[in-house]
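Listed here are the chains, written in short residue letters.
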Amino acid sequence: MGSTSQTTSVRVRFAPSPTGTLHLGGARTALYNWAFARRCGGTFVLRIDDTDPERSTAENIEQILSALTWLGLDWDEGPQVGGAYGPYFQTQRGDNYARALQTMIDRGAAYRCFCSAEELAAKRDAARKGGGPSGYDRTCRGLSPEESQARADAGEPYVWRLAVPEDRGEVIVDDIVRGQMAFPADALDDMVIVRSDGSPTYNFASVVDDIDMGITHIIRGDDHVSNTPRQILVFEALGDALPRFAHLSMIWGQDNKKLSKRHGATGVEEYDALGYVPEALVNYLALLGWSLDGETTIVSPRTLCEHFSLERISKNPAVFDTAKLEWINGVYLREMGAEEFARRGLVPRLVAAGLVDAGDYEARADWYHELAPLVSERIKLLTEVVPLCGFLFVDAVRVDEKAQAKVLDKDPEAVSVVVAAALTALAEVAEWSTPAIEAALKDLPEVLDMKARVVFQVIRVAITGSQVSPPLFESMALLGRERSIARLQAI
RNA sequence: GGCCCGUUCGUCUAGCGGUUUAGGACACCGCCCUCUCAAGGCGGAGGUCACGGGUUCGAAUCCCGUACGGGCUACCA
């Protein structure tokens with residue numbers, strides 16, 4: 001308890017490693033940190049954990065920042081915005097790590113290790129065969145300070161290791177999500193904290209930064225659970241109080257395997273191109289491992305800011321389900337309102353397809369606002385915009401194969417009868433509007449003694465080129481008199 | 001090998017010892033609405049709560065074990 005009731009000084013951080021782009025799991029971790037900070041009136045820090053210079057890239061950093069921005073997860077401190085605890089790149093915090101190492105040396109909590117990689121591998125294998133823990137056997141821990149210094153001075157390569165206290169006993173991790181976990185200290189080896197090139201390892205740098213940045217709650221993926229007791233030892237060695245921990249379970253693909261490219265899009269930025277709006281992805285991710293009450297499925301970012309809680313995070317891994325994400329996306333599109341849908345979804349997609357100029361929206365906004373709800377109600381993804389209403393923006397309609405076969409070729413005689421009757425009826429329409437068009441055409445089935453569905457499908461295919469479209473009369477009204485008549489004549 | 005964790009309808013979940021004949025959502029099926037497709041409304045199917053023992057008057061809920069799955073076991077993060 002207490003973890004969320006303390007509303008004054010919560011500081012959380014999302015600390016991605018720019019060795020890759022932001023994927024769904026990372027996005028959810030960022031989201032939970034953000035939502036928790038917002039809910040508590042706390043501070044959301046973005047820190048770039050780039051201690052692995054080999055694999056970290058500027059492009060990945062760019063992508064991570066823009067993906068977070070697209071999702072609407074704004075950070076209070078970090079790259080681009082600065083803050084009182086900077087810098088926010090680990091590669092720029094070397095002084096802090098050096099100072100922390102010195103503190104640990106002074107306290108006898110760190111020692112040099114001269115063992116070679118080969119020696120270590122051999123020891124590991126032997127230990128594993130012996131049936132026990134395979135951690136470092138502490139060979140160099142017994143070295144006297146003098147000998148250690150002498151060998152270092154002689155130029156022998158070494159790393160710094162954490163000296164796990166002999167009498168430490170169990171390390172208890174009190175996790176908000178998982179509860180208490182006990183780790184026998186003898187299963188925790190003396191991990192490397194500073195590499196032979198002088199750079200800090202993740203488990204060391206991360207703790208030092210979390211201390212220096214005043215982080216109160218560490219919310220991260222559960223691949224870090226086993227690191228946590230080691231990190232706790234570093235906190236203790238540095239003499240600092242522990243933050244609270246909350247470990248999030250993994251996100252799996254449909255086949256219960258780790259989410260990967262095989263399962264489709266894994267990078268956040270891909271979801272924009274696929275036609276999702278960020279609120280929908282945020283909503284879906286929020287529900288993937290957390291619930292408001294077990295009933296509510298539409299949870300807006302705003303609701304998250306008001307009601308998110310670490311206590312309601314579930315422990316078990318979740319399978320990513322695209323169908324549900326799509327459904328949620330559809331809900332957001334439908335609830336958007338004509339103006340917003342036109343501006344955020346409809347027009348951009350039409351422009352991107354080269355069907356209209358960006359200025360066309362300004363020129364006839366009302367027309368677009370009429371179209372918007374007809375489209376938004378029928379799609380789940382913005383990629384469906386062009387297929388559904390593209391016919392309104394081309395000179396001549398192109399009838400798709402299925403419509404040709406199932407409607408036009410099925411009974412050519414009926415087609416010409418319907419078209420002729422429709423043209424005659426429409427000729428009498430004075431003002432070209434949805435109600436007038438409807439009034440002119442609604443009696444046709446009866447007059448022709450044909451099924452309504454047959455009559456209107458013929459007209460629909462003539463007008464839209466497809467068996468599926470927005471409502472017919474509205475479509476014709478939006479298309480305009482001349483083009484509607486021309487399309488009927490052309491069939 | 002060692003340490004740690006997880007397991008409720010196909011999927012996400014509610015449930016925190018009795019109010020549960022296990023609730024909701026997506027997906028699925030049917031009906032209604034209807035100019036198509038959607039949306040919406042109504043209804044349906046779908047769970048031996050991983051398995052086996054205990055504790056208890058009573059267990060999805062507590063304990064132990066087993067199975068399966070996962071994480072860590074790096075001079076990756």
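As shown above, the structure is provided for reference.
Residues numbered from 1 in each chain as written. Chains lettered and ligands numbered in written order. Predicted model: local features only at pLDDT ≥ 70, side-chain atom pairs only at ≥ 80, totals over all residues. Heavy atoms only, no water.

S.K.: What am I meant to see in the protein's contact with RNA strand B here?
M.R.: Taken together, 65 residues surround RNA strand B, and among them Arg178, Arg195, Glu377, Arg460 and Gln467 come closest. Here a phosphate oxygen of RNA strand B and a backbone polar atom of tyrosine 202 are 2.9 Å apart. Counting residues per element, the ones that place at least two in the surface near RNA strand B are α4 (117-129), β6 (179-184), β11 (318-319), α11 (322-334), α20 (452-464) and α21 (472-479). Classifying every residue of the surface near RNA strand B gives 24 nonpolar, 19 polar and 22 charged. (Near = heavy atom within 4 Å. Polar contact = N/O pair within 3.5 Å; in protein donor to acceptor, adjacent residues only side chain to side chain. Helix = DSSP H or I, 4+ residues; strand = E, 2+ residues; numbered from the N terminus. Nonpolar A, V, L, I, M, F, W, Y, C, P; charged D, E, K, R; others polar.)

S.K.: Got a minute to help me understand the pairing of strand β1 (residues 11-14) in this structure?
M.R.: The side chains of a regular strand alternate, residue by residue, between the two faces of the sheet. Side-chain alternation along β1 places Arg11 and Arg13 on one buried face and Val12 and Phe14 on a second face that is also buried. Strand direction decides the pairing type here: β1 and strand β2 (residues 43-46), joined by 4 bridges, are parallel. In the strand pairing of β2, arginine 11 is matched with threonine 43. Assessed by its sense of winding, the connection that carries the chain from β1 through helix α1 (residues 24-40) to β2 is right-handed. (Buried < 20%, exposed > 50% of the residue type's maximum accessible area, 1.4 Å probe, protein only. Pairing = 2+ DSSP bridges. Right-handed = clockwise from strand over helix to strand, strands pointing away.)

S.K.: Teacher, can you tell me more about the pattern of salt bridges here?
M.R.: Note that side chains of opposite charge can pair when their charged atoms are close. Tallying each qualifying case throughout the model produces 24 salt bridges. When the shortest N-O distance is used, the salt bridge between arginine 343 and glutamate 339 registers 3.3 Å. On the criterion of helical spacing, the pair formed by arginine 343 and glutamate 339 is a turn pair, its members being 4 residues apart in helix α12 (residues 338-352). By relative accessible area, arginine 343 is classed as partly exposed at 44%. Arginine 344 is the salt-bridge partner of glutamate 340, the closest N and O atoms lying 2.8 Å from each other. One end of the pair is glutamate 340 and the other is arginine 344, both in helix α12 and 4 residues apart, which spans about a single turn. We classify arginine 344 as partly exposed; its relative accessible area is 29%. Through salt bridges with shared partners, one network takes in Arg13, Arg47, Asp49, Arg93, Asp209 and Asp210. (Salt bridge = Lys/Arg side-chain N within 4 Å of Asp/Glu carboxyl O.)

S.K.: Looking at this structure, how should I read the sheet that holds strand β3 (residues 110-113)?
M.R.: Strand-to-strand pairing in sheets goes through backbone hydrogen bonds, with the strands running parallel or antiparallel. Spatial ordering of the open sheet is given by β3-β4-β7, a layout of 3 strands whose pairing is antiparallel. Looking at which strands have only one partner, the edges of the open sheet turn out to be β3 and β7 (192-194). Each adjacent strand pair in this sheet contributes to an overall mean axis angle of 45 degrees, direction not counted. Two strands pair when backbone bridges link them, and β3 and strand β4 (residues 159-162) are joined in this way by 4 bridges, in the antiparallel orientation. Its bridge partner lying in β4, cysteine 113 is registered against valine 159. (Axes fitted to C-alpha atoms, helices over the stretch in contact; angles between N-to-C directions.)

S.K.: Help me out: how do you make sense of the environment of leucine 287 in this one?
M.R.: By the secondary structure assignment, leucine 287 is in helix α9 (residues 278-287). Look at leucine 287 and you get partly exposed, because its relative accessible area is 21%. It is 24 Å that separates the C-alpha atoms of leucine 287 and arginine 378, two residues lying 91 residues apart in sequence. Setting aside anything within four residues of it in sequence, one finds leucine 287 in contact with Thr296, Thr297 and Val299. (Contact = heavy atoms within 4.5 Å.)

S.K.: Help me out: how do you make sense of the nonpolar core in this one?
M.R.: Considering soluble globular proteins, one finds that nonpolar side chains tend to be buried as a cluster. Counting 108 residues, the largest nonpolar core has Phe341, Leu346, Leu441 and Ile459 as the members making the most contacts within it. Counting residues per element, this core draws most heavily on α1, which supplies 10 residues. Judged by nonpolar contacts, the second largest core, of 34 residues, contains Ala110, Met191, Val194 and Leu233. (Core = buried A, V, L, I, M, F, W, Y, C linked by side-chain atoms within 4.5 Å.)

S.K.: What is the right way to read the packing of aromatic side chains from this model?
M.R.: Remark: the centre distance and the inter-plane angle together describe each pair of aromatic rings, the angle taken between the planes. Following the criterion strictly, the structure yields 12 aromatic pairs and no others. Note on tyrosine 271 and phenylalanine 320: the rings are 6.3 Å apart at their centroids and 65 degrees apart in plane angle, and the pair reads as edge-to-face. One end of the pair, tyrosine 271, is in helix α8 (residues 268-273); the other, phenylalanine 320, is in the loop between β11 and α11, with 49 residues separating them in the sequence. Exposure class is identical for tyrosine 271 and phenylalanine 320. Each is buried. (Phe/Tyr/Trp six-rings, centres within 6.5 Å; stacked < 30°, edge-to-face > 60°.)

S.K.: Sorry if this is basic, but what is going on with the environment of tyrosine 332 here?
M.R.: By the element assignment, tyrosine 332 lies in helix α11. Among the residues examined, tyrosine 332 registers a relative accessible area of 11% and is labelled buried. Spatially, the C-alpha atoms of tyrosine 332 and alanine 152 are 63 Å apart, while their sequence positions differ by 180 residues. A polar contact of 3.3 Å, which involves the side chain of tyrosine 332, links it to the backbone oxygen of valine 299.

S.K.: Would you mind going over the packing of α20 against helix α22 (residues 481-490) with me for this structure?
M.R.: Helix-helix packing is described using two parameters, namely the angle between the two axes and the distance between the axes. Where α20 meets α22, the closest approach of the two axes is 8 Å, and the angle between their N-to-C directions is 110 degrees. When the axis of α20 is compared with that of α22, the two are roughly perpendicular. α20 and α22 meet at a crossing whose hand is right-handed. Each of Ile459, Ala462 and Ile463 in α20 lies in contact with α22, whose residues at this interface are Ser484, Arg487 and Leu488. Here the contact of α20 with α22 is built from residues that sort into 4 nonpolar, 1 polar and 1 charged. (Parallel < 35°, antiparallel > 145°, perpendicular 65-115°, else oblique. Left-handed = near helix turned anticlockwise from the far one by under 90°.)

S.K.: Would you take a moment to explain unusual backbone geometry for this structure?
M.R.: For residues besides glycine, phi is generally negative; the peptide bonds are generally trans as well. Along the chain, glycine 86 connects to proline 87 via a cis peptide bond; the corresponding omega equals -5 degrees. Summarising the element assignment, proline 87 is placed in the loop between α2 (58-71) and α3 (94-106). Despite not being glycine, glutamine 80 has its phi angle at roughly 75 degrees, a positive value. Along the polypeptide, glutamine 80 turns up in the loop between α2 and α3.

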